[in-house]
Number of protein chains: 2
Amino acid sequence: MTLKDLARELGVSTATISNAFNRPDQLSPNLRERILAEAKRLGFRGPDAKARSLRTGRSRIIAVILAESLTYSLNDAVSSEFLSGVAEVLDTQGHTLLLLSARQAKCQLVDSASMADGFIVYGLMPSEELFDSLPLNASLVAVDFNVSGHPSVHVDNEPACFEIADHALTATPRKRPAIVNLRLTREPCNGRIDPKHTLLPAELTITRSRLAGFHRALEKHGFDTDRIPMWNVEENTFQVCEPVLEEILDLPDDERPDLLLCMSDRIALTALTLAEQRGLRIPEDLCLTGFDGIAEGQYRAPRLTTARQESGDKGRLAARMILGLEPGHSRLLGTELMLGETCP
Amino acid sequence: MTLKDLARELGVSTATISNAFNRPDQLSPNLRERILAEAKRLGFRGPDAKARSLRTGRSRIIAVILAESLTYSLNDAVSSEFLSGVAEVLDTQGHTLLLLSARQAKCQLVDSASMADGFIVYGLMPSEELFDSLPLNASLVAVDFNVSGHPSVHVDNEPACFEIADHALTATPRKRPAIVNLRLTREPCNGRIDPKHTLLPAELTITRSRLAGFHRALEKHGFDTDRIPMWNVEENTFQVCEPVLEEILDLPDDERPDLLLCMSDRIALTALTLAEQRGLRIPEDLCLTGFDGIAEGQYRAPRLTTARQESGDKGRLAARMILGLEPGHSRLLGTELMLGETCP
DNA sequence: TTGTAGGCGTTATCAC
DNA sequence: GTGATAACGCCTACAA
């Protein structure tokens, strides 16, 4: 049942049917009523989206390209909240959300790409060539990293991390601060970072900005940042974090850090769980800080000291930008220091 | 830059270009190489998805229609794990995931509908008319409810809930069991359910099956199910559950339930948090059971006693069914009783 | 207010 | 192995 069939059936032209659906003001209400009623009766579900999108050039589909796998992104509190914000705006604006991952087979990513009206690219972007495969004139908003020629949405990572670390170091003097990074090294590394590792450049990972903030605070408090031990995890999940944090917590008492600056709440919460299992007193034996402000860290005791970022807002803003509802320049969102009991 | 442009530019026919991209065996490797190279050089990104989908009738897009808002679904552990499973399969099969919500404006839902090759409908379906707007011959898989004429994926809610409640009542004799439901009443209700409320029919909510399981166990243990107090929450979030559970926990000691059979882990965890805040001893003063087996309930102490459902498997199965990788009949997935310390 | 016709960018069916 | 051509279903000047 196509628009044309319906037109023939009703003895009117295809244009009239089309107008009945898309431009009510272009025909008499009576006729329109009749057409809509007959359409329903004959089982015409409205203009076909595939044909319409070919003709008009727009699909009302916005694609979000996620750096991580969909599996990860949908389960992670931070990215799913982001998506949630995106979805909220798209929904009210009559658009729908297509989920893509930079990890997925390139061909289908590219294929689906020409379907979407715009792209929101979230997180670290592994390959330059991906951008080559996106439609040339596509509108694109980058989130948490930069793409030249396109606006981006960022969070004030460096100042936020400075503030956290500064707080941690001011509240109680610390002897052995350490940092647990997330995807900082060029080569995958789940464990201690040593001088042989090369680090990803700042354009490719927000971890660098966060690290810079931590370092600035450490320097302010008289530490030599080169001597601050650092670990790294490749994925923000309990499973991946657990062994690395066990390695840290199982160090001899006089080597074990007494302050762990973590790049994410997920890491910090994993550390917290493992530390509690080992009978370490929080915060006396070990202070912990996170980043993100996810619910799981706040609905528990002790609550996590962290920098809250409004991931949902980030998504809403990115969506509004892609739809042209916001000025087309890059934006920087703030964070809020949340003082919990893990580092009071 | 279209396929036709490229054909003209290279002096070959459009068919040849199309074949170069879609049917490598239909032309000489040399020619194909040349075409691909020139395409890249001239900035042709490959066949346009909109046009292709119109022509072939397939978009390689599978839509998931969620009963709840996208915002909720993306943040809820159970549904995001489900989506995650769906995404995993679609990804490996070269399909992409379009997220729709039954809550969103009907027009765009219908619009986008004709775009997708198939539909996975998840959870309670509020309106019949939604189905009328889906393409007639669309393949469709229902999850957690039934749609006549289409296969569905279910979890063995009734037996699982019987098992949980039976365990709870066997382990320690209880005097005052109570049930906290999720979306059981026809009219929205956040609070105690009284006889005036009408309940949703079993076709529309899995809560009915779960309730039936609880009731069967209660009867077995000599309770009159009509006298078991029931509460209801409309949404599976901390914010919505909190006041209802406060109402329950703040009852006088001799009225407060000593066993709370909850329809979800989210509800049970909220109860747990609030009970701990009130200094109630778990499980001595209050036993709690959940449903779902989400991580949050297992990575804490005390761990939640619950029925674990593999939401990811559910998603994977639904996706495989919609892609025709599984026999086209309905399936029932099992659950696993997980004994935690909230009801040992 | 309604109808006509061209084309959006592909792919599939044929010929050659 | 390669090329012409006809759909796919719709939208929208423009004409009536």
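Naming follows an unreviewed UniProt entry, where chain A appears as LacI family DNA-binding transcriptional regulator of Billgrantia tianxiuensis.

1. Considering the overall build of chain A
Along chain A, the regular secondary structure elements total 14 helices and 13 strands. Taking 20 Å as the expected radius of gyration for a compact globule of 344 residues, we find that chain A reaches 26 Å, considerably beyond that expectation. The principal-axis extents of the C-alpha atoms in chain A amount to approximately 90 × 40 × 35 Å. Burial analysis of chain A (344 residues in total) assigns 55% to the buried set. Of the contacts formed within chain A by residues at least 6 apart in sequence, a portion of 70% connects residues at least 24 apart. Summed over all atoms, the accessible surface of chain A reaches about 14,700 Å², with 49% contributed by carbon and sulfur. Measuring between centres, the 38 positive side-chain charges of chain A sit 8 Å from its 48 negative side-chain charges.

2. Digging into the relation of the copies chain A and chain B
Superposition of chain A onto chain B requires a rotation of 180° combined with a translation of 0.1 Å along the rotation axis, giving an RMSD of 0.1 Å. When the rotation and shift are considered jointly, the pair of chain copies conforms to a two-fold rotation axis. Minimal C-alpha distance to the rotation axis in chain A is attained by L98 of chain A, lying at 2.2 Å. An overlap of 96% is found between the interface residues of chain A and their copies at the interface of chain B, pointing to a shared contact surface.

3. Looking at helix α4 (residues 49-56) of chain B
Residue and element names in this part refer to chain B. Among all positions of α4, only A49, K50 and S53 are buried. The arc enclosing the buried residues of α4, seen along the axis, measures out at 105°, which places them on a common side. Two to three positions downstream of the cap, the backbone nitrogen of K50 sits 3.0 Å from a side-chain oxygen, assigning the N-cap of α4 to D48. Downstream of α4 by a residue or two, G57 has a phi angle that is positive, lying close to 85°.

4. Some details on the pairing of strand β5 (residues 152-155) of chain A
Residues and elements named next belong to chain A. Taking every second residue as pointing to the same face, both faces of β5 are buried, with S152 and H154 on one and V153 and V155 on the other. Taken together, the 2 bridges between strand β4 (residues 139-143) and β5 define a ladder with parallel strand orientation. Counterpart to V143 in the pairing with β5 is V153. When β5 meets strand β12 (residues 331-333), the two strands line up parallel, connected through 3 bridges. What sits directly across from V155, in β12, is L333.

5. With respect to unusual backbone geometry
Cis geometry is found at the peptide bond from A301 of chain A to P302 of chain A, where omega equals -5°. Tracing the chain through its elements places P302 of chain A in the loop between α13 (295-298) and β11 (306-309). The backbone of D292 of chain A sits at a positive phi, close to 130°, despite the residue not being glycine. Despite not being glycine, R183 of chain B shows a phi value in the positive range, around 50°. Checked against the element boundaries, R183 of chain B lands in the loop between β6 (177-182) and β7 (191-192).

6. Considering the UniProt feature "domain: HTH lacI-type" (unreviewed entry) in chain A
Per the UniProt record, "domain: HTH lacI-type" (unreviewed entry) is found at residues 1-56 of chain A. Annotated as residues 1-56 of chain A, this span is 70% helix and 0% strand, and its ends, taken at the C-alpha atoms, are 21 Å apart.

7. Quick notes on the protein's contact with DNA strand D
L3, S18 and R55 of chain A together with T16 and R55 of chain B are the nearest of the 26 residues found near DNA strand D. For DNA strand D, the backbone makes up 68% of the atoms found within 4 Å of the protein, where backbone means sugar plus phosphate. S13 of chain B places a main-chain nitrogen or oxygen 3.2 Å from a phosphate oxygen of DNA strand D. Ranked by the residues each element gives to the surface near DNA strand D, the list is headed by helix α4 (residues 49-56) of chain A, at 4 residues. A breakdown of the residues in the surface near DNA strand D according to their chemical character gives 10 nonpolar, 10 polar and 6 charged.

8. What to know about the nonpolar core
Of all hydrophobic cores here, the largest spans 151 residues; its most connected members are L99, I120 and L260 of chain A together with L99, I120 and L260 of chain B. The contacts of I120 of chain B, once residues within four sequence positions are left out, are I62, A63, V64, I65, F82, V86, V141, V143, A318, A319 and I322 of chain B. If you look at the next biggest cluster of nonpolar residues, it comprises 42 residues, including A113 and F119 of chain A together with I61 and V121 of chain B.

9. What to know about the packing of helix α6 (residues 77-92) of chain A against helix α14 (residues 311-322) of chain A
All names here are of chain A. Relative orientation of the contacting elements α6 and α14 amounts to 40°, with a least axis distance of 7 Å. The angle between α6 and α14 falls in the class oblique. Read as a crossing pair, α6 and α14 show a hand that is right-handed. Seen from α6, the contacting residues are V78, E81, F82, G85, V86, E88, V89 and L90; seen from α14, they are S311, G312, K314, G315, R316, A318, A319 and R320. Residue classes in the contact of α6 with α14 are distributed as 7 nonpolar, 4 polar and 5 charged.

10. Considering the protein's contact with DNA strand C
The immediate surroundings of DNA strand C are formed by 27 residues, with T16 and R55 of chain A together with L3, S18 and R55 of chain B found nearest. Of all DNA strand C atoms lying within 4 Å of any protein atom, the proportion belonging to sugar or phosphate reaches 64%. T16 of chain A has a polar side-chain atom sitting 2.8 Å from a phosphate oxygen of DNA strand C. At a separation of 3.1 Å, a phosphate oxygen of DNA strand C approaches a polar backbone atom of D48 of chain B. Looking at the surface near DNA strand C, the elements with two or more residues in it are α2 (14-22) and α4 of chain A together with α1 (3-10), α2 (14-22) and α4 of chain B. Among the residues making up the surface near DNA strand C, the classes are represented as 10 nonpolar, 12 polar and 5 charged.

11. A few points about the interface of chain A and chain B
At the junction of the two partners, chain A supplies 49 residues and chain B supplies 50 residues. Summed over both sides, the interface of chain A with chain B buries roughly 4,100 Å², with 56% coming from carbon and sulfur. A per-residue breakdown of the area chain A buries against chain B is headed by R45, K50 and Y299 of chain A, which together make up 18% of the total. At the junction of chain A and chain B, the tally comes to 0 salt bridges. At the level of elements, α4, α5 (70-75), α6, β2 (96-101), α7 (106-113), α8 (129-133) and α11 (238-249) of chain A are the ones that each hand at least two residues to the side of chain A that touches chain B. The element that contributes the greatest number of residues to the side of chain A that touches chain B is α6 of chain A, accounting for 7 residues. A class-by-class count of the residues in the side of chain A that touches chain B yields 21 nonpolar, 17 polar and 11 charged. Taken together, the 3 bridges between β2 of chain A and strand β2 (residues 96-101) of chain B define a ladder with antiparallel strand orientation. Bridge assignment links L99 of chain A to a residue of β2 of chain B, and that residue is L97 of chain B.

12. Describing the pattern of salt bridges
Taken as a whole and assessed by the stated rule, the structure comprises 40 salt bridges over all chains. For E38 of chain B, the salt bridge identified is with R41 of chain B, shortest N-O distance 3.0 Å. With a gap of 3 residues between them, E38 of chain B and R41 of chain B both fall in helix α3 (residues 29-42), about one helical turn apart. On the basis of relative accessibility, which here comes to 60%, the residue R41 of chain B falls in the exposed class. One connected set of salt bridges, linked through shared partners, spans E68, R103 and R183 of chain A.

Rules of the game
- Residues numbered from 1 in each chain as written.
- Chains lettered and ligands numbered in written order.
- Predicted model: local features only at pLDDT ≥ 70, side-chain atom pairs only at ≥ 80, totals over all residues.
- Heavy atoms only, no water.
- Helix = DSSP H or I, 4+ residues; strand = E, 2+ residues; numbered from the N terminus.
- Rg over C-alpha atoms; globule rule 2.2 N^0.38 Å.
- Buried < 20%, exposed > 50% of the residue type's maximum accessible area, 1.4 Å probe, protein only.
- Contact = heavy atoms within 4.5 Å.
- Areas by Shrake-Rupley, 256 points an atom, 1.4 Å probe, with all protein chains shown as cover.
- Lys, Arg positive; Asp, Glu negative; His and termini not counted.
- Charge placed at Lys NZ, Arg CZ, Asp CG, Glu CD.
- Least-squares fit on C-alpha atoms with pLDDT ≥ 70 in both.
- Arc of directions from axis to C-beta.
- Polar contact = N/O pair within 3.5 Å; in protein donor to acceptor, adjacent residues only side chain to side chain.
- Pairing = 2+ DSSP bridges.
- UniProt positions renumbered as here; feature names shortened; annotations may be inferred.
- Near = heavy atom within 4 Å.
- Nonpolar A, V, L, I, M, F, W, Y, C, P; charged D, E, K, R; others polar.
- Core = buried A, V, L, I, M, F, W, Y, C linked by side-chain atoms within 4.5 Å.
- Axes fitted to C-alpha atoms, helices over the stretch in contact; angles between N-to-C directions.
- Parallel < 35°, antiparallel > 145°, perpendicular 65-115°, else oblique.
- Left-handed = near helix turned anticlockwise from the far one by under 90°.
- Buried area = accessible area lost by both parts, 1.4 Å probe.
- Salt bridge = Lys/Arg side-chain N within 4 Å of Asp/Glu carboxyl O.

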